[in-house]
Amino acid sequence: MKSNERHQRRSAAIRKTMDAVSRTMAQPHSVDVIDTAKEYLIELAKRAELFPYEDFPIPEKRNETLYKVYSDKNGQNALYVYVTKSGGVYRPHDHGKAWAIIAGVRGYERHYFYERKEGDATDGPAELVNKGSVVVGPGKATSFMIRGIHSIEHINHQPFLHLHCYGYEFEQQDTRLEYDQDNGIAVYSNDVGRIIDMPLSDE
Ligand SMILES: [Fe+2]
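Rules of the game
Residues numbered from 1 in each chain as written. Predicted model: local features only at pLDDT ≥ 70, side-chain atom pairs only at ≥ 80, totals over all residues. Heavy atoms only, no water. Donors = N, O, S within 2.8 Å, 3.2 Å for Na, K, Ca; no water. Buried < 20%, exposed > 50% of the residue type's maximum accessible area, 1.4 Å probe, protein only. 1 Å grid on protein atoms, 1.4 Å probe; cavity = no way out; pocket = protein on both sides within 12 Å on 5 of 7 lines; lining within 4 Å. Points joined across faces, edges and corners; volume = space filled by probe spheres on them. Helix = DSSP H or I, 4+ residues; strand = E, 2+ residues; numbered from the N terminus. Nonpolar A, V, L, I, M, F, W, Y, C, P; charged D, E, K, R; others polar. Pairing = 2+ DSSP bridges. Axes fitted to C-alpha atoms, helices over the stretch in contact; angles between N-to-C directions. Contact = heavy atoms within 4.5 Å. Expected span 1.5 Å × (residues − 1). Core = buried A, V, L, I, M, F, W, Y, C linked by side-chain atoms within 4.5 Å. pLDDT = per-residue confidence, 0-100. Phe/Tyr/Trp six-rings, centres within 6.5 Å; stacked < 30°, edge-to-face > 60°. Lys NZ or Arg CZ within 6 Å of the ring centre and 35° of its normal.

**Overview of the coordination of the iron ion**
At step 1: At 2.0 Å from the iron ion lie its protein donor atoms, namely His93 (NE2), His95 (NE2) and His150 (NE2).
At step 2: In the primary sequence, the donor residues of the iron ion line up as H-x1-H-x54-H. Here histidine 93 and histidine 95 have matching classes, each one buried.

**Notes on the layout of surface pockets**
At step 1: In this model, the largest pocket occupies a volume close to 360 Å³.
At step 2: As for the largest pocket, its lining consists of 19 residues, of which Glu64, Tyr90, Arg176, Asp191 and Val192 are closest to the centre.
At step 3: Elements with a minimum of two residues in the lining of the largest pocket: strand 1 (64–70), strand 3 (89–93), strand 9 (149–154) and strand 10 (160–168).
At step 4: Considering every element that reaches the lining of the largest pocket, the biggest residue donor is strand 3, with three residues.
At step 5: Taken together, the residues of the lining of the largest pocket sort by class into seven nonpolar, six polar and six charged.

**A few points about the sheet that holds strand 1**
At step 1: With respect to topology, six strands assemble into an open sheet ordered 8-4-10-2-1-13, the strand pairing being mixed. Each edge of the open sheet carries a strand with a single partner, namely strand 8 (141–144) and strand 13 (195–197). In this sheet, adjacent strand axes meet at a mean angle of 25° when their direction is disregarded.
At step 2: Note that strand 4 (residues 100–106) and strand 10 share six bridges and pair antiparallel. Counted as the bridge partner of alanine 103 is leucine 163 from strand 10.
At step 3: Running over the sheet, helix 1 (residues 3–25) touches strand 1, strand 2 (76–84) and strand 10 and is turned about 130° from strand 2.
At step 4: Of the strands in this sheet, strand 2, strand 4, strand 8 and strand 10 touch helix 2 (residues 31–45), which is tilted by about 25° from strand 4.

**A word on helix 1**
At step 1: Here helix 1 spans 32 Å end to end across 23 residues, near enough to the 33 Å set by a 1.5 Å rise per residue.
At step 2: By the burial criterion, the buried members of helix 1 are Arg6, Arg10, Ser11, Ala13, Ile14, Thr17, Met18, Ala20, Val21, Ser22, Thr24 and Met25.
At step 3: Where the residues of helix 1 are buried, they touch helix 2, strand 1, strand 2 and strand 10.

**Details of the nonpolar core**
At step 1: Counting 29 residues, the largest nonpolar core has Ile14, Phe51, Phe56, Leu79, Val81 and Leu163 as the members making the most contacts within it.
At step 2: Looking at this core, the elements with two or more residues in it are helix 1, helix 2, strand 1, strand 2, strand 4 and strand 10.
At step 3: Broken down by element, the residue count for this core peaks at six residues, all from helix 2.
At step 4: Residues in contact with valine 81, not counting those within four places in the same chain, are Phe51, Phe56, Thr65, Leu66, Tyr67, Val69, Leu161, His162 and Leu163.
At step 5: Formed by 14 residues, the second largest nonpolar core is a distinct cluster that contains Leu66, Tyr82, Val136 and Phe170.

**Considerations on the confidence of the model for the chain**
At step 1: On average, residues of the chain carry a pLDDT of 93, and 100% of them reach 70 or more.
At step 2: The secondary-structure element of the chain with the lowest mean pLDDT is strand 3, recorded at 91, while helix 2 shows the highest, at 98.

**A word on the side chain of serine 143**
At step 1: Its location among the elements puts serine 143 in strand 8.
At step 2: Judged by its relative accessible area of 16%, serine 143 is buried.
At step 3: Beyond its immediate stretch of four places on either side in the chain, serine 143 contacts Ile34, Asp35, Lys38, Ala100 and Ile101.

**Describing the packing of aromatic side chains**
Remark: the centre distance and the inter-plane angle together describe each pair of aromatic rings, the angle taken between the planes.
At step 1: For the coordinates displayed, the defined rule picks out seven aromatic pairs.
At step 2: Taken together through their ring pairs, the aromatic side chains of Phe51, Phe56 and Tyr67 make up a single cluster.
At step 3: Stacked on the ring of tyrosine 168, the Lys or Arg lysine 97 has its end atom at 4.4 Å from the ring centre.
At step 4: Positioned over the ring face of tyrosine 53 is arginine 106, at 5.2 Å from the centre of the ring.

Laid out in C-alpha cells, this is it:
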C-alpha cells in the first residue's frame, strides 16, 4: 500500500473509531461503558498494516515519542500512537481528569494497577496498594477510569507501537499525579515527553 493511500485509510479508520469511542464515553461512566469503548480501540489496533514504523518512526535519540493523531475540538477524546525503542519503566501515575484506554498494535508492555490507601487525589503523603497487572500486546487492551493509577514496564526490550486513548489530551491532564513509592509521596507532574502532531487527511 502506498503511504498516501495508507494515510487516507488510517484517517478514515481513526475517525470512525473515535466517533464510536466519543459517543460511548459521553454516557455516564461505568466498567461496561469503558469496556465497550475498549472494543472499538481493539478493532483499530488489529489493523496493524495502518500503523507501520515507516509512518511512526521510533526516535533515534530519545527512547519514545507520542504521535498525536486525533482529538476533538475541545481537546477531549484524544488518540496518540506511542512508539518506543526498548525497555523502560514508568512509576505509578494517573492521568488527571482523563480516563484511559491503551491498545497494543505490536510489541508488549505490562501495566500494574494500584489503589491509593487513603487521601484524595492530591499531592502529599500517599501509600499505594498493588491491584495486579495485565500485559498489553497485539490485539489486547487495558483501560482505567478517571484517577486510575498505573505503572508500566516494557517486558521484552523490543520496540513497540501502541494506541493510547484518553478522555483529554495530555495538555489538559494538568493535575496528573505521580507516586514516589520509596518516599510514600504523590507529586503533580506534567512531564509527558515529546508529542508530535500528525493530522488526519482531509475527509
Ligand atoms: Fe499512563
